[in-house]
Structures are given as C-alpha cells and as structure tokens.
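Examination of the molecular architecture
Spelled out from the first residue to the last, the chains are:
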Amino acid sequence: ATVQADSKITIVGSGLIGQFWAMIFAGGGFKVTIFDIYPEQISKALENIKATLSRYESQGCLRGSLSASEQAALVTGCNELKKCLDGASYVQECVPESVDLKRKVFEQMDPFITEDMVVATSSSCICVSQFVGNLSHKHRTLVAHPVNPPYFIPLVEIVPGPWTLPDVTAKCRALMELVGQSPVTLSREVAGFALNRIQYSIINECWNMYKDGLLSAEDIDKVMTDGLGPRYAFIGPLETMHLNADGIVDYCNRYAQGAYNVCTTFKPPPIMYDVPTAEKMLQEIKKAIPVDKVQERRTWRDERLAALAALKRNLKEK
Ligand code: NAI
C-alpha cells in the first residue's frame, strides 16, 4: 500500500516544518497544497520554498529528478481548509506544538477526511491519541515526526495511535520511503517516541558530568562530534556492539558486566530547570557562539548536514 504517485498532498501549517515537508514531497514529484491560518504566511511560505529550492539547486543538494522551478510549480497555496483537503491522499499537519491547537485543527479537518486519506501530525512530543479521541476518522491518523532540518536528516518516526489502521501506518511508511526519508515505525505510543528517549538519556549524562565538574562544556560536546557522532552517522549503537566484538552475543559475554558496572554509577535524571548550571554553561558556550550568532551557526550546521547527506548518498550509490 502506498500513496499514488500523481496524488495530492496537503500541508496544514506552513511554518518551518510545513515548508520542509512541501519541498520533500515536491522533490518526490507530488502536487502539494499548503494551508495556513494566516493567508500572508501562505504567500511568504511559497516565496521561501521557491527561493530555497533554487538555492539548493545551485548548491547541488536539490532532491529528486525535477528542476527547482518544476518542483516549485508543484507547490500551491490555498486559504480554505475544505478545498485544501479535497482530493488529497495524504495530509501532514504542521501547526505549533500544543495539544489544544492540534485538537482544534484535527476537529476542523475531520469532516473532510475520507476513507482513502492518511492524516499525519508532525508533533515532536504529543501522541496522536491525546487529541483525536473524539474524531470519526481517528483510525486514519498517526504521528510522522521529522527531525530538523528534515531535508538533510531523513529520519521520520511513525507512531500509530491505538486506533490507527495498519494500512494507514504502512501507507505512511511507504510514502516516506518513496520521497527519500528514512522511516522507523513504533509499535505503540510512548513518551518521547524513540529519538527523544535516546537524546534525553544522552543529554542527562552530559548535564550530570558537567555539573560534577568532570569535563568542560566544549569537551563534552567533543565527545559526540569527534567520538560517537561520526560513528553513529553510519552505524547505530546495536551494530556498534556487533562490530566491536565477534558479534553482539560475544560483545555481551565480554563487556556486559563492565558496562553494567558503569551504569550503576549513573545519577537519576537531572532537573534541567536548574538555571544556574545552564547559566554557567552559557558563559562557556557563548565564547565560541554568542547568542546573537545562533542563527548564523544554524546555517553553518545545515550546510554541514547537507554535505554529510550528499556524502552518504554518494557512498550508497557506490
Ligand atoms: P512554526 O511556528 O514555524 O509553524 C507553525 C505554522 O502553523 C505557522 O505558520 C502558523 O501560522 C500555523 N498555524 C497556527 N495555527 C494554525 C491553525 N489553526 N491552522 C493552520 N495553521 C496554523 O512551527 P514548526 O517549527 O514548523 O513546528 C510545527 C510542528 O512540527 C510542531 O508540532 C513541532 O513540534 C513539529 N516539529 C518541529 C521541529 C522543529 O525543529 N521546529 C522538528 C520536528 C517537528
């Protein structure tokens, strides 16, 4: 089961993530309609999408086989929700992260959802069951959580709700693969999905080590950027175990006791609204990246992520 190649995809909420989704689907050759509660945001988003696609084209990182202008022509705006959803086979909701707002938007969409539509939310933390319980089409909804910037970080976490039909989950996953994203499917809802559960366990340990005065903020980040990060761009932690011994069972026989001993020294999760620790970190971090240079640094990051995505693509083709 997959979404037909010539079908229409609707984006509801055309901010940062909505625009990325529009470019990803246009890259896959789909007709995309974007909606927003503010009509001026739709025009702004369309202009931004056009300019970004042409920048990606000149930088050599445009996706798909169509030119930037052909892709931009696939994306249109519409400021009437009903018309926007009419004939769509896939909807990606991208409104701000608030349960009440998402509930409102899904209630507004419900009468226009058809039995061949898949309706996904980009929600980073909120499980779909928290806001679709009263809908008549709740079985057609699920989470498809992207990672910023989704154009260069392909992971999408697919999290079905308790009522989601298996066919809806399968269609969403197939579509993600078709447009070059890298989907993973959770079997059921869990707080933080998978990425943030892993990310928070890393942040917790970084925070605790910093608070204990074990390493500087710069050196903690270096453990990832020059240590675990490069490895994890190619192989995950489980494959790492497999390769670091003669298979994962051998790894466990050799290292499980040592790893367990280390883990027993872990502290409980830190309370990160401990602002004095954050203030202390800021004093260190801002020497390299002053707060008014954060936007510049985001651009720097995205350029590097684009280069890494291109490298991974080239390595895969070989
Ligand atoms: P954003 O603030 O950039 O965009 C939200 C858009 O929704 C705005 O254009 C706003 O005008 C529009 N909007 C507000 N109320 C609306 C309504 N009732 N109907 C239609 N449109 C409405 O937010 P962003 O960052 O794009 O986030 C969207 C979703 O994606 C959130 O659930 C967020 O958690 C998730 N997400 C965000 C990531 C990020 O790094 N920013 C990463 C992954 C997921």
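All of these numbers come straight from a predicted model, not from anything done at the bench. (Residues numbered from 1 in each chain as written. Predicted model: local features only at pLDDT ≥ 70, side-chain atom pairs only at ≥ 80, totals over all residues.)

1. Topic: the overall build of the protein
Helix and strand counts for the protein stand at 13 helices and eight strands. Against the globule reference of 20 Å for 318 residues, the protein gives a C-alpha radius of gyration of 21 Å, in line with a compact fold. By its C-alpha atoms, the protein is 60 × 45 × 45 Å across when sized along the principal axes. Sequence separation of at least 24 residues holds for 66% of the intrachain contacts in the protein that already meet a minimum separation of 6. (Helix = DSSP H or I, 4+ residues; strand = E, 2+ residues; numbered from the N terminus. Rg over C-alpha atoms; globule rule 2.2 N^0.38 Å. Contact = placed C-beta atoms within 7 Å.)

2. Description of the confidence of the model for the protein
On average, the protein scores 96 in pLDDT, and the residues at 70 or more come to 100%. Across the whole predicted complex the pTM is 0.96, and at the interface the ipTM reaches 0.99. (pLDDT = per-residue confidence, 0-100.)

3. A word on the site of the ligand
Lining the immediate environment of the ligand, one finds 23 residues, of which G13, G15, I17, E97 and N148 sit closest. Elements represented by at least two residues in the shell around the ligand include exactly α1 (16-27), α5 (99-109) and β6 (141-146). The leading source of residues in the shell around the ligand is α1, at three residues. Residues belonging to the shell around the ligand are distributed by class as follows: eleven nonpolar, ten polar and two charged. (Near = placed C-beta within 6 Å. Nonpolar A, V, L, I, M, F, W, Y, C, P; charged D, E, K, R; others polar.)

4. What to know about the pairing of strand β7 (residues 155-160)
In terms of burial, β7 is largely enclosed, as five of its six residues are buried. The pairing of β7 with strand β8 (residues 182-185) spans four bridges and is parallel. Residue pairing across strands places E157 opposite V184, the latter belonging to β8. In the classification by handedness, the crossover that spans β7, the intervening helix α7 (residues 166-178) and the parallel β8 is right-handed. (Buried ≥ 20, exposed ≤ 12 C-beta atoms within 10 Å, placed from the backbone. Pairing = 2+ DSSP bridges. Right-handed = clockwise from strand over helix to strand, strands pointing away.)

5. A few points about the domain arrangement of the protein
With domains assigned, the protein is organised as domain 1 (8-185) and domain 2 (195-317). On a C-alpha basis, the centres of domain 1 and domain 2 stand 29 Å from each other. Each partner contributes residues to the interface: domain 1 has nine residues there, and domain 2 has seven residues. (Domains from an automatic or database assignment.)

6. Some words on the sheet that holds β6
If you trace the eight strands from one edge of the open sheet to the other, you get β3-β2-β1-β4-β5-β6-β7-β8, paired in mixed fashion. Of all the strands in the sheet, just β3 (75-77) and β8 have a single pairing partner and so form its edges. The sheet shows a mean angle of 25° between the axes of neighbouring strands, direction not considered. Of the pairings in the sheet, the one linking strand β1 (residues 8-12) to strand β4 (residues 88-93) comprises five bridges and is parallel in character. Note on β4: the bridge partner recorded for T10 is V91. Here helix α2 (residues 39-59) sits on the sheet in contact with β2 (31-35) and β3, set at roughly 165° to β3. (Axes fitted to C-alpha atoms, helices over the stretch in contact; angles between N-to-C directions.)

7. Examining the nonpolar core
Inside soluble globular proteins, nonpolar side chains tend to come together where they are buried. Grouped together as the largest cluster of nonpolar side chains are 59 residues, with contacts concentrated most on A22, F25, V32, L142 and C172. Among the elements that take part in this core, α1 stands out by supplying eight residues, more than any other. Among all residues touching V32, those that are not within four sequence positions of it are I9, I11, A22, F25, A26, L74 and V75. (Core = buried A, V, L, I, M, F, W, Y, C linked by C-beta atoms within 7 Å.)

8. Comments concerning α1
Here α1 spans 17 Å end to end across twelve residues, near enough to the 16 Å set by a 1.5 Å rise per residue. Counting buried positions along α1 gives eleven out of twelve residues, so the element sits mostly inside the fold. Taken together, the buried positions of α1 are I17, G18, Q19, F20, W21, A22, M23, I24, F25, A26 and G27. Looking at the residues trailing α1, positive phi occurs at G29, about 90°. (Expected span 1.5 Å × (residues − 1).)

9. With respect to the packing of α1 against α2
For any two helices packed against each other, the geometry comes down to the angle between their axes and how far apart the axes lie. Across the interface, α1 lies against α2 with an axial gap of 10 Å and an inter-helix angle of 55°. One way to sum up the angle between α1 and α2 is to call them oblique. Considering only the axes of α1 and α2, their crossing is right-handed. Residue-level inspection shows G18, Q19, A22 and M23 of α1 in contact with α2, the latter providing A45, N48, I49, T52 and L53. Residues that form the contact of α1 with α2 fall into these classes: five nonpolar, four polar and no charged. (Parallel < 35°, antiparallel > 145°, perpendicular 65-115°, else oblique. Left-handed = near helix turned anticlockwise from the far one by under 90°.)

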